[in-house]
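# A closer look at the structure
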Amino acid sequence: TVDITHEDALKLTRAFFKKQGTFFLLNYEKATRDAENHFSFIKPNYNTNGEMVYLESVNESFFFIPNQRNANLLFTLVHEIEHAIDSTANPDFYKQDGIRETAAIFMEMIASDYFNELLHLNYQNILNQYALLATIKSESIEVLERHELLKIYKKIKHLKDHQVYD
């Protein structure tokens, strides 16, 4: 297990986003400017794995990150910072839940491999990848269910209420 401070985590995630190219580095820097006032490291709990709140009126992101000193801190930061990047650089992504989560999960998957290679996380990396795959499966099932509901709606939308319930 690795012991990662908040400062180290921000440096490591910056290096990861820099490796992804100029677009990601510049938007990472925008998202994390004034970090001491925009990041809250909270007591880990069952209600959140991390949260990013974007205030469109002031074009700023605020982060609530579980205060873990292991690789989960890195994975969570990448995921939530990707949300912040999307909120300013790709507003259409941010406003669409499915796309927003797909982009953040994808970036977290890339980061998982990057940090594993850099820090030799092994078991923690496997657990993170398993959690990501479970999330992808859950999200995929939700998309399929929505699709099925839309198909049903198309069949019944022209009917009157009493015809739908009969």
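For the structure itself, consult the block above.
Residues numbered from 1 in each chain as written. Predicted model: local features only at pLDDT ≥ 70, side-chain atom pairs only at ≥ 80, totals over all residues. Heavy atoms only, no water.

## Observations regarding the overall build of the chain
We apply this condition: In DSSP terms, a helix is any run of H or I states spanning at least four residues, a strand is any run of E spanning at least two, and both are numbered starting from the N terminus. Residues are treated as being in contact if the distance between any of their heavy atoms lies within 4.5 Å. Areas reported here follow the Shrake-Rupley algorithm with a probe of radius 1.4 Å; residue values treat only the protein chains shown as occluding.
Within the chain, the regular secondary structure consists of eight helices and three strands. N-terminal to C-terminal, the α/β element order of the chain is α-α-α-β-β-β-α-α-α-α-α. If you line up the chain on its principal axes, its C-alpha atoms span 60 × 40 × 30 Å. A sequence separation of at least 24 residues applies to 63% of the contacts in the chain between residues at least 6 apart. Accessible surface computed for the chain: about 10800 Å², of which carbon and sulfur atoms make up 55%.

## Notes on the packing of helix α1 (residues 6–19) against helix α6 (residues 97–119)
Heads up, the rule is: Interaxial angles span 0 to 180 degrees and are taken between N-to-C directions of axes, which are lines fitted to C-alpha atoms, for helices over the stretch in contact. Throughout this description, any angle smaller than 35 degrees is read as roughly parallel, any larger than 145 degrees as roughly antiparallel, any in the 65 to 115 degree range as roughly perpendicular, and the remainder as oblique. Crossings are classed by handedness, with left-handed meaning an anticlockwise turn of the near helix from the far one by less than a right angle and right-handed meaning a clockwise turn. Each residue is assigned to one of three groups, with Ala, Val, Leu, Ile, Met, Phe, Trp, Tyr, Cys and Pro labelled nonpolar, Asp, Glu, Lys and Arg labelled charged, and all others, Gly among them, labelled polar.
Following both chains from N to C, one finds α1 and α6 inclined at 115°, their axes separated by 11 Å at the closest point. Between α1 and α6, the angle is such that the two are roughly perpendicular. In the packing of α1 onto α6, the handedness of the crossing is right-handed. Contact with α1, carried on its side by Leu12, Thr13, Ala15, Phe16, Phe17 and Lys19, involves Met107, Ile110, Ala111, Tyr114, Phe115, Leu118 and Leu119 of α6 and no other residues of that element. Here the contact of α1 with α6 is built from residues that sort into eleven nonpolar, one polar and one charged.

## A short note on α6
What counts is decided by this rule: Each helix should span, by expectation, one fewer than its residue count multiplied by 1.5 Å.
Between its first and last C-alpha, α6 extends 32 Å over 23 residues, near the 33 Å set by a 1.5 Å rise per residue. Looking one or two places after α6, you find His120, whose phi comes out positive at around 55°.

## Things to note about the nonpolar core
Generally speaking, soluble globular proteins have nonpolar side chains that are buried together. Cut-off, in case you're wondering: Residues enter a nonpolar core if they are buried and are Ala, Val, Leu, Ile, Met, Phe, Trp, Tyr or Cys, with the set joined through side-chain atoms within 4.5 Å. Accessible area is worked out with a 1.4 Å probe on protein chains only. A residue is then buried under 20% of its type maximum, exposed over 50%, and partly exposed in between.
One finds Phe16, Phe17, Phe39, Leu77, Ile81 and Phe115 to be the most contacted residues of the largest nonpolar core, which totals 29 residues. Mapped onto this core, the elements with two or more residues apiece are α1, α2 (22–32), β2 (51–55), β3 (60–66), α4 (71–89) and α6. Per element, the largest residue contribution to this core is nine residues, and it comes from α4. Setting aside its immediate chain neighbours within four residues, Phe17 contacts Phe24, Leu25, Tyr28, Val78, Ile81, Glu82, Ile85 and Met107.

Remember, this is a structural readout, not a statement about activity or role.
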